[in-house]
Amino acid sequence: MKLKEYIKNLLAFADENPDALEMDVIYAKDDEGNGYQGIYYEPSLGYFDEDRDFTSVDSEDFDEYEEEANAVCIN
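Residues numbered from 1 in each chain as written. Predicted model: local features only at pLDDT ≥ 70, side-chain atom pairs only at ≥ 80, totals over all residues. Heavy atoms only, no water.

### Comments concerning the overall build of the protein
Along its length, the protein carries one helix and five strands. If you list the helices and strands of the protein from N to C, you get α-β-β-β-β-β. On C-alpha atoms alone, the protein measures out to a radius of gyration of 15 Å, which is more than a quarter above the 11 Å that the 2.2 N^0.38 rule sets for 75 residues. Projected onto the principal axes, the alpha-carbon positions of the protein cover approximately 45 × 30 × 20 Å. Across the protein, contacts joining residues at least 24 apart in sequence account for 29% of those joining residues at least 6 apart. By element, 47% of the accessible surface of the protein is carried by carbon and sulfur atoms, the whole surface being about 6,900 Å². If the 5 positive side-chain charges of the protein are averaged to one point and the 22 negative ones to another, these points end up 9 Å apart. (Helix = DSSP H or I, 4+ residues; strand = E, 2+ residues; numbered from the N terminus. Rg over C-alpha atoms; globule rule 2.2 N^0.38 Å. Contact = heavy atoms within 4.5 Å. Areas by Shrake-Rupley, 256 points an atom, 1.4 Å probe, with all protein chains shown as cover. Lys, Arg positive; Asp, Glu negative; His and termini not counted. Charge placed at Lys NZ, Arg CZ, Asp CG, Glu CD.)

### Points about the confidence of the model for the protein
Per-residue confidence for the protein gives a mean pLDDT of 90; residues scoring 70 or more make up 96%. Across the protein, the secondary-structure element scoring lowest on mean pLDDT is strand 4 (residues 54-56), at 87, and the one scoring highest is helix 1 (residues 3-16), at 97. (pLDDT = per-residue confidence, 0-100.)

Written as structure tokens, this is what we have:
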């Protein structure tokens, strides 16, 4: 999913559920609901590779990549 689609869905959700704007935000660890945790961090820009590893542009290790940022981490 692209960030613009995610934001569009969030805005529609907020319009339909305005009380939810004051609720905590959580995420499911997997699609089967085997665990949940809260969202504590602001989004960060970085590089997501084929091994499913994410390196933030703010990380000292980011300079090792020849690639440019290609993903936004939401937690």
